[in-house]
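Structural characterization, general
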Amino acid sequence: MSAINGIGGAGGIDRVMALRAQILERNAALQRASAAANVSNASAVLSPSASTSAAAPNSFAASMEQALSSVNASQNNAGQLSEAYERGETVDIAKVMLARQQASVSFEATLQVRNKLLSAYKDIMSMPV
């Protein structure tokens, strides 16, 4: 049963490698976003009349909304593929399992981000003023 869920055996290694690749990809995206934010912040300092709407897509809330939308889309896709397979439509089982694993990894990553945010919030709240 554990090999089916991707916890043990070769599937576990594949899952870990996929998670690692996803983390590296998101890290690179965050670095690009940070660099873009630094450039837009520098231009805003140089020209205070610059519109703040250019910085809005790079905001934390927008990034979180985009990430959650991506997780939701991957879960919806996995659900649709699973339902199509269960109805007997011609769907490759490997494609279904891959979509389910991608949805699972993205959800786990989202949970880890949430846990880190809660931990940081608790740390900040416990700081003496």
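Thresholds, definitions, all that
Residues numbered from 1 in each chain as written. Predicted model: local features only at pLDDT ≥ 70, side-chain atom pairs only at ≥ 80, totals over all residues. Heavy atoms only, no water. Core = buried A, V, L, I, M, F, W, Y, C linked by side-chain atoms within 4.5 Å. Buried < 20%, exposed > 50% of the residue type's maximum accessible area, 1.4 Å probe, protein only. Helix = DSSP H or I, 4+ residues; strand = E, 2+ residues; numbered from the N terminus. Contact = heavy atoms within 4.5 Å. Polar contact = N/O pair within 3.5 Å; in protein donor to acceptor, adjacent residues only side chain to side chain. Axes fitted to C-alpha atoms, helices over the stretch in contact; angles between N-to-C directions. Parallel < 35°, antiparallel > 145°, perpendicular 65-115°, else oblique. Left-handed = near helix turned anticlockwise from the far one by under 90°. pLDDT = per-residue confidence, 0-100.

1. Describing the nonpolar core
Soluble globular proteins tend to bury their nonpolar side chains together. One finds Ala 78, Leu 81, Ala 84, Val 91, Val 96, Ala 99 and Ala 103 forming the largest nonpolar core, which totals seven residues. Listing elements by their share of this core, those giving two or more residues are α2 (60–86) and α3 (93–125). Excluding residues that lie within four positions of it along the chain, Val 91 makes contacts with Leu 81, Ala 84, Tyr 85 and Val 96.

2. Let's talk about the side chain of Ser 106
As for its placement among the helices and strands, Ser 106 is situated in helix α3. For Ser 106, a relative accessible area of 4% corresponds to the buried category. Looking at Ser 106, its side chain comes within polar contact range of the main-chain oxygen of Ala 103, at 2.9 Å.

3. Observations regarding the packing of α2 against α3
Relative to each other, α2 and α3 sit at 150°, their axes nearing to 9 Å. By the criterion of interaxial angle, the relationship of α2 to α3 is roughly antiparallel. Once α2 is placed against α3, the crossing between them reads as left-handed. Counted together, Phe 60, Met 64, Leu 68, Val 71, Ser 74, Gln 75, Asn 77, Ala 78, Leu 81, Ser 82 and Tyr 85 of α2 and Ile 93, Lys 95, Val 96, Ala 99, Arg 100, Ala 103, Ser 106, Phe 107, Thr 110, Val 113 and Leu 117 of α3 form the full contact between these two elements.

4. Considerations on the confidence of the model for the protein
Residues at a pLDDT of 70 or more form 74% of the protein, whose mean pLDDT is 79. For residues 1–7, every residue scores under 50 in pLDDT, and the model assigns this stretch 13 contacts once sequence neighbours within four places are set aside.

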